[in-house]
Amino acid sequence: MKIKKGDTVLIISGKDKGKKGKVFEAFPVQDKIAIEGVNIVKKHRKAKSEKEKGQVVEVPKPIDVSNVKIICPKCSKSVRVGYKIIENKKYRVCKKCKQEI
Ligand SMILES: [Zn+2]
């Protein structure tokens, strides 16, 4: 998967289109990512004891990786990611500024 945890991405489709956020969880098997502040769903957490109150927590629901573009930390533009291989190591590169990201 081209996007990793910690990347900043721009949402390019769906109800959160135009939002930016940081990836805090990547799910490579499902090709999905969870982004801070994006696609928030409310979950009810049950009280664990009688003293505690049940509460509503807001958690981001993972979205499809095809709905986002990575924001290059070098040129600050939303870009497509390419790869280069140097001495058998794979690096991600920004297709715009050609820098490693
Ligand atoms: Zn760039």
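Overview of the structure. (Residues numbered from 1 in each chain as written. Predicted model: local features only at pLDDT ≥ 70, side-chain atom pairs only at ≥ 80, totals over all residues. Heavy atoms only, no water.)

1. Observations regarding the overall build of the protein chain
Here is step 1 of the chain: What the protein chain contains, in helices and strands, is zero helices and ten strands.
Here is step 2 of the chain: Of the regular secondary structure in the protein chain, the N- to C-terminal order runs β-β-β-β-β-β-β-β-β-β.
Here is step 3 of the chain: For 101 residues, the compact-globule estimate of 2.2 N^0.38 gives 13 Å, and the protein chain exceeds it by more than 25% at 17 Å.
Here is step 4 of the chain: Taken along the three principal axes of its C-alpha coordinates, the protein chain extends 60 × 30 × 20 Å.
Here is step 5 of the chain: The 101 residues of the protein chain split such that 27% are buried.
Here is step 6 of the chain: A fraction of 36% describes how many contacts in the protein chain between residues 6 or more apart in sequence connect residues 24 or more apart.
Here is step 7 of the chain: Of the roughly 7400 Å² that the protein chain leaves accessible, carbon and sulfur atoms contribute 49%.
Here is step 8 of the chain: Within the protein chain, the 11 negative side-chain charges are centred at a point lying 6 Å from the centre of the 28 positive side-chain charges. (Helix = DSSP H or I, 4+ residues; strand = E, 2+ residues; numbered from the N terminus. Rg over C-alpha atoms; globule rule 2.2 N^0.38 Å. Buried < 20%, exposed > 50% of the residue type's maximum accessible area, 1.4 Å probe, protein only. Contact = heavy atoms within 4.5 Å. Areas by Shrake-Rupley, 256 points an atom, 1.4 Å probe, with all protein chains shown as cover. Lys, Arg positive; Asp, Glu negative; His and termini not counted. Charge placed at Lys NZ, Arg CZ, Asp CG, Glu CD.)

2. Concerning the pattern of salt bridges
Here is step 1 of the chain: Within this structure, the stated rule accounts for four salt bridges.
Here is step 2 of the chain: It is possible to trace a salt-bridge network through shared partners that takes in Lys15, Asp16 and Lys19. (Salt bridge = Lys/Arg side-chain N within 4 Å of Asp/Glu carboxyl O.)

3. Focus: the packing of aromatic side chains
To describe a pair of aromatic rings, one takes the distance between the centres and the angle between the planes.
Here is step 1 of the chain: All chains considered together, the criterion is met by zero aromatic pairs.
Here is step 2 of the chain: The side chain of Lys90 reaches across the aromatic face of Tyr83, ending 4.5 Å from its centre. (Phe/Tyr/Trp six-rings, centres within 6.5 Å; stacked < 30°, edge-to-face > 60°. Lys NZ or Arg CZ within 6 Å of the ring centre and 35° of its normal.)

4. Side note on the coordination of the zinc ion
Here is step 1 of the chain: Bound to the zinc ion are the protein donor atoms Cys72 (SG), Cys75 (SG), Cys94 (SG) and Cys97 (SG), situated 2.2 to 2.3 Å from the metal.
Here is step 2 of the chain: Each of the four donor atoms bound to the zinc ion contributes to angles spanning 102 to 116 degrees, and the resulting shape is tetrahedral.
Here is step 3 of the chain: Read N to C, the donor residues that coordinate the zinc ion are spaced as C-x2-C-x18-C-x2-C. In this pair, Cys72 sits in the loop between β7 (68–71) and β8 (78–79) while Cys94 sits in strand β10 (residues 89–94), placing the two residues 22 residues apart along the sequence.
Here is step 4 of the chain: The exposure class of Cys94 is buried, given its relative accessible area of 0%. (Donors = N, O, S within 2.8 Å, 3.2 Å for Na, K, Ca; no water. Tetrahedral: all angles 85-135°; square planar, octahedral: opposite > 155°, others 65-115°.)

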